[in-house]
Amino acid sequence: MNVIDVNRLAKRFGNVVAVDDISFQVKKGEIFGFLGPNGAGKTTTISMLCTLLKPSCGTASVGGFDIVREREDVRRSIGLVFQDSSLDEYLTAEQNLRFHAYAYNVPRAERKKRIDELLELVGLSDRRKSKVSTFSGGMKRRLEIARGLLHHPDVLFLDEPTLGLDPQTRRHIWDHITSLRKTSGLTIFLTTHYMDEAENCHRITIIDQGQIIAMDSPERLKDSVGGDLVTIKAEDEDNATRELVQKFNISPQSNEGSLSFYVPQGDKFIASLLNGFSSRLTAINIRRPTLDDVFLKLTGRAIRDEDASLRDRMAMARRRHGR
């Protein structure tokens with residue numbers, strides 16, 4: 001069953017195409033990720049699906065509700081954690097959750113129970129009476145996740161959920177996220193440019209310059225690169241290159257004194273290389289491809305943590321002003 005269905009969705013800001021004719025589906029209970037550099041169109045897409053931006057063209061439904069015609073139904077069926085904190089820092093953790101429960105018409109009889117359970121789930125029970133202004137970045141993110149779940153949404157949208165957090169805090173938050181999915185069957189849609197974070201997804205959509213360029217499980221995407229990455233250093237690089245071409249039909253890439261190439265079953269290849277290679281090697285390394293390798297192969301560049309582009313800055317500004 002598809003919880004999200006997107007068909008030829010696009011968003012333009014004047015002459016700038018932020019999202020360019022994308023289509024995809026997300027299944028119930030799936031962790032689905034949008035992976036790409038800042039400015040690729042991730043935030044613009046999530047803003048349209050959450051009804052915060054109106055598409056220029058195309059259609060999409062979330063939880064069976066059309067994102068244009070049934071905006072209020074979509075909003076009731078989703079939880080959303082933004083890149084930037086939207087908590088009221090002058091209120092306590094418990095007060096923030098109570099306000100959200102009231103806004104989403106959570107039945108009075110269930111409010112306390114849900115708040116207690118969620119504060120326990122995200123490890124903030126002992127800080128329920130503390131003002132949010134005293135919280136660390138990781139604590140605020142956990143509280144926002146709890147708030148996003150308070151009204152029992154069908155889909156939880158996480159827009160760069162661990163942006164700017166240290167690796168240990170990021171891991172802690174992801175432990176909570178994966179635990180939630182396992183216990184509740186929640187569908188999670190996230191955007192990220194962190195490779196290790198994308199590994200948690202069942203499927204990843206790689207997006208660049210507003211277009212979808214690949215979609216599959218992390219392992220299948222890595223397999224598509226062409227095997228394991230082998231890197232060697234040789235005393236005579238030119239001679240080693242010729243030998244790789246002649247004996248193995250491999251054309252390696254040269255980079256800072258190293259030769260690198262992809263081969264299936266790299267461990268077996270290394271054995272045959274050592275047995276039949278006459279060029280003297282000074283170093284050899286083998287590793288599985290990463291998602292960064294996938295992005296590099298598909299786009300010709302690596303994902304870098306850059307400033308948000310004009311596209312997403314415009315989208316975020318419109319989102320904050322409710323347009």
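Refer to the structure presented above.
Residues numbered from 1 in each chain as written. Predicted model: local features only at pLDDT ≥ 70, side-chain atom pairs only at ≥ 80, totals over all residues. Heavy atoms only, no water.

1. Considerations on the packing of helix H3 (residues 93-103) against helix H4 (residues 108-121)
For clarity, the cut-off: Throughout, an axis means a line fitted to C-alpha atoms (over the contacting stretch in the case of helices), and angles, computed between N-to-C directions, take values from 0 to 180 degrees. Helical segments are the DSSP runs of H or I of at least four residues, strand segments are the runs of E of at least two, and each set is numbered from the N terminus. Any angle from 65 to 115 degrees is called roughly perpendicular, while one under 35 is roughly parallel, one over 145 is roughly antiparallel, and all others are oblique. Crossing chirality is assigned from the near helix's rotation relative to the far helix, an anticlockwise turn below a right angle marking it left-handed and a clockwise turn marking it right-handed. Contacts were defined at the residue level, with two residues in contact if any of their heavy atoms lie within 4.5 Å.
Taken N-terminus to C-terminus, the directions of H3 and H4 make an angle of 135 degrees; their axes are 10 Å apart at the nearest point. As the angle between them shows, H3 and H4 are arranged oblique. Taken as a pair, H3 and H4 cross one another with a handedness that is right-handed. Residue-level contacts link Glu94, Leu97, Arg98, Ala101 and Tyr102 of H3 to Arg111, Ile115 and Leu119 of H4.

2. Some points on the sheet that holds strand S13 (residues 258-263)
The condition is simple: When DSSP finds two or more bridges between a pair of strands, those strands are recorded as paired.
As summarised here, the arrangement of the four strands in space is S12-S13-S11-S14, forming an open sheet in which the pairing is antiparallel. Each end of this open sheet is capped by a strand with a single partner; those strands are strand S12 (253-255) and strand S14 (281-287). Averaged over all adjacent pairs, the angle separating strand axes in this sheet is 25 degrees, with direction ignored. Sheet topology note: the strand S11 (residues 228-234)/S13 ladder contains five bridges and is antiparallel. From the neighbouring strand, Thr231 faces S13, where its bridge partner is Ser260. Contacting S11, S12 and S13, helix H9 (residues 237-248) crosses the sheet at an angle of about 15 degrees to S13.

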